[in-house]
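# Structural overview for review
Residue-level listing of the chains:
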Amino acid sequence: MTCYDRRDLGLLLLRLGTGGVLAAHGAQKLLGWFGGGGIEGTGRFMESVGYRPEKASAMAAGLSEAGGGLLLAMGLATPAAGAAAAGAMAGAAAVHAPSGFFAQSGGYEYAASLGLTSAGLAITGPGRISMDHALGHAVNRGWMVPAAFATVAAATSLVLGARVRRLRQEKEGEQEVLFEE
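Below or above, wherever it landed, is the structure these notes cover. (Residues numbered from 1 in each chain as written. Predicted model: local features only at pLDDT ≥ 70, side-chain atom pairs only at ≥ 80, totals over all residues. Heavy atoms only, no water.)

## A few points about the overall build of the chain
The following threshold applies: Put simply, DSSP marks the helices as runs of H or I at least four residues long and the strands as runs of E at least two long, and each gets a number from the N terminus on. Burial classes follow relative accessibility: with a 1.4 Å probe on protein chains only, a residue under 20% of its type's maximum area counts as buried, one over 50% as exposed, and anything between as partly exposed. What makes two residues a contact is simply this: any of their non-hydrogen atoms within 4.5 Å. Exposure was quantified through the Shrake-Rupley algorithm and a 1.4 Å probe, taking into account, for residues, occlusion by the shown protein chains and nothing else. Asp and Glu count as negative and Lys and Arg as positive, but His and the ends of the chain are not part of the count. To locate a charge, take NZ of a lysine, CZ of an arginine, CG of an aspartate or CD of a glutamate.
Broken down by element type, the chain carries seven helices and zero strands. Taking the principal axes of its C-alpha atoms as reference, the chain extends roughly 80 × 30 × 30 Å. Going through the 181 residues of the chain one by one, you find that 38% of them count as buried. Partitioning the contacts of the chain with sequence separation of at least 6, the portion at a separation of at least 24 is 68%. For the chain, the accessible surface area stands at approximately 10500 Å², while carbon and sulfur atoms represent 65% of it. Distance from the positive charge centre (14 side chains) to the negative charge centre (14 side chains) of the chain: 11 Å.

Okay, here's the thing in structure tokens:
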């Protein structure tokens, strides 16, 4: 008989809460649920903040959030799920960073919290009340943590780098106002 401890229950609560929020955000992007824009509306938004191609960016963000969130909630493939969600939140934080830290000012506080929690779960593991545990940790091996984070870090760096270059190019042709009238 298995006796679960506080750590297992705490990890379950973190996974359900964080995974549920991420899955809901992903459903907004992919399906237009919960007042979201779906692929079309999210794609237009992604283009407006420098992510292109817009539909592919919307799909990637939606799948990372919805897929990563559902997998985190279930405690399945936890290293990959947490890394994918953390990568998506790094992209969201980049959009909100110019507004500062606090969410009330449009800052990156919320994205950073979700991303750090997802990363923490990927590193810590899902606990014994999880699909990973039930399946003998077949998709939650120790080597998978650095592999998942390295893969996501490389992809996120490429995407964010391309966005920064695009935004700089758009600003190059603009002239600042020299004198107020």
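## Quick notes on the nonpolar core
Stated formally: In these notes, a set of buried Ala, Val, Leu, Ile, Met, Phe, Trp, Tyr and Cys residues joined through side-chain atoms within 4.5 Å is what counts as a nonpolar core.
Judged by nonpolar contacts, Leu11, Leu22, Leu72, Ala81, Ala85, Ala88, Met89, Ala93, Ala111, Leu114 and Leu121 together constitute the single largest core of eleven residues. Of all elements in the fold, only helix H1 (6-31), helix H4 (78-96) and helix H5 (109-124) reach the threshold of two or more residues within this core. Non-local contacts of alanine 85, meaning those with residues more than four positions away in its chain, are made with Leu22, Ser64, Leu72 and Ser118. One finds Val49, Tyr51, Ala58 and Ala61 within the second-largest nonpolar core, a separate group that totals seven residues.

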